[in-house]
Amino acid sequence: MAQEKLKNRADVPEKLTWDLTALYETKEDFEKAVEKTKAAVAKFCKDYEKHLTDAATITAALKDYEKIMQAVSSINHYAFLPEATDLTNPANTELSRSVNNLLAEMEAKLAFFDSALMANDTALLNQVAEVEPAFAPYVRHLKEKKRVQLDPAVEKALAQLGPVLSAPESIYEQARLADMDFGTFSVNDKEYPLSFVLYEDYYMYHADTAVRRAAFDKFSAVLADYQNVVAETYYTQLQKEKTLATMRGFDSIFDYLLFDQEVERDLYNRQIDTIMKDLAPVMQKYITHIKEVNGLDKMTYADLKIDLDPDYAIEVTVEKSKELVADALSVLGQDYVDRILKAYPERWVDFAQNKGKSTGGFCTSPYGKHPYILMSWTNQLSDVYTLIHEFGHAGQGLLSAEANSILGENPSLYLIEAPSTFNELLLTDLLKRQSKDERMERFALTNMLTNTYFHNFITHLLEAAYQREVYQLIDDGKGFDAAKLSEIKRSVLTQFWGDAVEINPGAELTWMRQSHYYMGLYSYTYSAGLTIATQAFLRIKEEGQPAVEQWLTFLASGDQFKPAEAAQLAGVDITTSQPLNDTIAYLNESVDRIIDLSKKIN
C-alpha cells in the first residue's frame, strides 16, 4: 500500500464496502421493523408474563421469543455496522446509541422470561427440551443459570443499565479511533502519515527497518499521551465484572467469566501456562532466525512482524483472492465453497480503508441473513489470511444457523476461533502444494507462522497471560494504574521472548491496542480454537473425507454441546493436554524445516 493519507468514508469506492440492504432495503424498512418488534415485545409480555407454568405454554413462548430475537439481530446489526466503518460520523454514533438504548429497554421488558422459566422445576424444563429439541441448548443454559440468577427486579434493572455497563468499551473505541491523532513521522527527510489503522495494518510489517522503528516510536508516543484515561476506562470495566461476579455468587472473577463458556479454570490455565513455557523456546528460535536472515543488528519488539523473505512478498488483489479462497477451501466440498464465494457478488465484506474505521477484522452473522466481514485490504497475502479467517466464522455461522434455532446457534466462546484458524491452515496447505522450489515452500511455512500461529497462538495468548495477571489483582481486591499495566505487560513479554527480543520502550503500551480486553476472557480462546483446528486439520490430511465430514458436523453443531463434547465431534479430545502438546510439536517441526530450507536457499 502506498503511503497515502486515509480517505474519508464518503470517498471510498462502493464496491469495496459491504451492502447493508440485505438487512433492510431502506431506512424506512428498518424503522418499520423497529416499530413492529416493539409491538411484538409488548404482546409477548402481555401473553406470557405470569403464565409460564406448563410445557405447552413455555414451548409456544419460546417460539415467539425466537422470532423476536431474530428481529432484534437484524435491527442490532443495521445499527452497529455503520459505526464500525466510520466512528467519526456522528450520524452512525447516534444511530448506534439510540438502538442500544432501545434494545436495553426491550431486554428489560423481557427480563421476566428467563426468571419465570427458571422458577419452574428442572423436570418441566427437561420436558420442554424433549418436546422441542431445538430449544435443548437454551434449556441447558437455563438450568445452569438457576444458581446464579438474581431477583427478577434486579435482572430487569441490570438489563436497563446495559448501555451504561457496556460504556467502557465504547469509550475506549472512541479514544483510539476518533480522538488519537498520530500525525506524521519522518525518516531521512521524508514525511510519512500515521494513524492507528496505518500502523497496525501497514507500518508494523514494513520492510524498511528505519521506517518500521520510527513508526513504532511515534505510535507509542501518542499512545502514551492517552494511557491514563485508557487505564481508568479499563479499570472501570474490570470493576464492573468483579461486581457482577460477586452479585451472582462467584468467589472469583475468573469463574464468573468462564461460566458462560462452560469451561473449567484448569483448561483456561493450561492453555496459557503450556504455551508460555513450551512454545516460547520454539518462537525464540524462529525469531532469532528471522533476525539473522534479515541481517538486523538486533530484534526489537517493533520488528516482530517482519517477513523472513520480504523480497518474495506476493501482492494479492481482492479479485485474485477469490481464486486462492476457492482453491484453499475446496477440501471442504463444493457446497461449502459455493456458500463462501457468494461473499464477493453479495458484498459481505467491507474491504475499504478509511478514517474512523475499526482496526483488525471481524465477522458477524445476523440470523437468517448473510454474514458481514470487516477488514482493511492492503493487497498483501496477509489480507487473504485475514479474509479466509473471517470466512471460517462465516461458514460456521451459516451452517449453524441452518441447523439450529437462534436460541441455540452460538457455540461456546472456547470453540469460536477453531473454524477461522482452521481455514488459515487450509490456505497455508494450498501455498505449500503450489510450491515449486525451496523458497516458495519456506514462504508458505513462514506465512503460516506469522499470520496464523503468531497472531492467534502468540499475540492473543500474550494478551491472555497479561489479562490473567490484571484480573488476579482485581480478584485480590487491588487496583492498578497505567504504570502498573505497563509493568505487567513488559513482564509477560520479557518472560516469553527472553533474550531473543529487545522489549524496547513503547512495547509495554501494547495493552492499549486491543479491544479484546473488554470482552471478558476472550483472548485465550484464539489459541484454544487453533489447538482444535490444528488437530482437525492434521486428521483431514491423514484420513481424508471421513474427517472432513466430522469437521462439517462440528461446524453445524452450534450450541448443542459443551466445548469438550463439541470438540469430540471433530475427533479432538480437549480434556487432555495432548492436542496442545501435539500442536506445539508441529510448530517446532515447521520452524526446523524453515531453518533447513534457509540453509539450502543460501
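Relevant structure appears above.
Reading the values: the criteria
- Residues numbered from 1 in each chain as written.
- Predicted model: local features only at pLDDT ≥ 70, side-chain atom pairs only at ≥ 80, totals over all residues.
- Heavy atoms only, no water.
- Helix = DSSP H or I, 4+ residues; strand = E, 2+ residues; numbered from the N terminus.
- Rg over C-alpha atoms; globule rule 2.2 N^0.38 Å.
- Buried < 20%, exposed > 50% of the residue type's maximum accessible area, 1.4 Å probe, protein only.
- Areas by Shrake-Rupley, 256 points an atom, 1.4 Å probe, with all protein chains shown as cover.
- Phe/Tyr/Trp six-rings, centres within 6.5 Å; stacked < 30°, edge-to-face > 60°.
- Pairing = 2+ DSSP bridges.
- Contact = heavy atoms within 4.5 Å.
- Axes fitted to C-alpha atoms, helices over the stretch in contact; angles between N-to-C directions.
- Arc of directions from axis to C-beta.
- Core = buried A, V, L, I, M, F, W, Y, C linked by side-chain atoms within 4.5 Å.
- Salt bridge = Lys/Arg side-chain N within 4 Å of Asp/Glu carboxyl O.

J.: Explanation requested: the overall build of the chain in the structure shown.
T.: When helices and strands are tallied, the chain shows 23 helices and five strands. A globule of 602 residues ought to have a C-alpha radius of gyration of about 25 Å, and the chain, at 24 Å, matches this closely. Here the C-alpha coordinates of the chain stretch approximately 75 × 55 × 50 Å along the principal axes. Burial analysis of the chain (602 residues in total) assigns 58% to the buried set. Total accessible area on the chain is roughly 24500 Å²; 48% of this is exposed by carbon and sulfur atoms.

J.: Which parts of the structure should I look at to understand the packing of aromatic side chains?
T.: In this description, an aromatic ring pair is defined by two values, namely the gap between the centres and the angle between the planes. As enumerated under the stated definition, the model contains 45 aromatic pairs in all. Centroid distance Y234 to F480: 5.8 Å. Interplanar angle 40°. Geometry classified as tilted. Here the residue Y234 occupies a position in helix 11 (residues 227-247), and F480 occupies one in the loop between helix 18 (438-475) and helix 19 (482-497), the gap between them amounting to 246 residues. For Y234, a relative accessible area of 1% translates into the label buried. Ring plane angle 85° and centroid distance 5.0 Å describe the contact between F496 and W497, whose orientation is recorded as edge-to-face. The pair F496 / W497 is uniform in exposure class, with both members buried.

J.: Would you mind going over the sheet that holds strand 5 (residues 372-374) with me for this structure?
T.: Whether parallel or antiparallel, the strands of a sheet pair through hydrogen bonds between backbone atoms. Judged by pairing direction, the sheet is mixed, and its three strands sit side by side in the order 3-5-4 without closing on themselves. In this open sheet, the two strands that pair with only one neighbour each are strand 3 (349-350) and strand 4 (362-364). Across three bridges, the pairing between strand 4 and strand 5 is antiparallel. By the bridge assignment, T364 is partnered in strand 5 with Y372. Running at roughly 165° to strand 4, helix 2 (residues 55-85) makes contact with strand 3, strand 4 and strand 5 of the sheet. Packed on one face of the sheet, helix 16 (residues 381-403) meets strand 3, strand 4 and strand 5 and runs near 20° to strand 4.

J.: I tried to follow unusual backbone geometry on my own but got confused; where do I start?
T.: Most peptide bonds are trans, and most residues other than glycine sit at a negative phi. Phi angles above zero are rare outside glycine, and E262 is one such case at about 60°. For E262, the location among the structural elements is in the loop between helix 12 (253-259) and helix 13 (265-294).

J.: It is not clear to me how helix 4 (residues 122-131) should be interpreted in this structure. Could you clarify?
T.: Working note: α-helix, 3.6 residues per turn, so residues spaced by three or four point in the same direction. Looking at helix 4, one finds that the buried residues are L124, L125, V128 and A129. Relative to the axis of helix 4, the buried residues are bounded by an arc of 145° and lie together on one face. Among the exposed residues of helix 4, those pointing more than 90 degrees away from its buried face are A123 and E130. Check the buried side of helix 4 and you find it contacts helix 2, helix 3 (90-118) and helix 5 (136-145).

J.: Even after reading the chapter, I still don't get the environment of F554, so can you show me in this structure?
T.: Tracing the sequence through the fold places F554 in helix 21 (residues 545-556). The exposure class assigned to F554 is buried, which follows from its relative accessible area of 1%. Spatially, the C-alpha atoms of F554 and A567 are 7.2 Å apart, while their sequence positions differ by 13 residues.

J.: How should the nonpolar core be read in this particular structure?
T.: Soluble globular proteins: nonpolar side chains tend toward being buried together. Counting residues in each nonpolar core, the largest one holds 161 residues, and the members touching the most others are Y203, F457, W497, W511 and W551. Per-element accounting of this core gives the leading share, 19 residues, to helix 18. If sequence neighbours within four positions are ignored, F457 has contacts with I275, L279, T452, S527, L530, T531, L580, T583, I584 and L587. Counting residues in hydrophobic clusters, the runner-up holds 48 residues, among them Y24, A33, A61 and I406.

J.: How should I be thinking about the pairing of strand 1 (residues 184-187) in this particular structure?
T.: A regular strand carries its side chains on alternate faces of the sheet. Residue alternation in strand 1 divides its side chains into a buried set, F185 and V187, and an unburied set, T184 and S186. Counting the residues in the hairpin turn of strand 1 and strand 2 (residues 190-193) gives two residues, including N188, whose phi is positive at 55°.

J.: I would appreciate a short explanation of the pattern of salt bridges in the present structure.
T.: Opposite charge on two side chains permits pairing when their charged atoms draw close. Considering all chains together, one arrives at 37 salt bridges under this definition. In this structure, a network of salt bridges that share partners links the residues R212, R213, D297 and D303.

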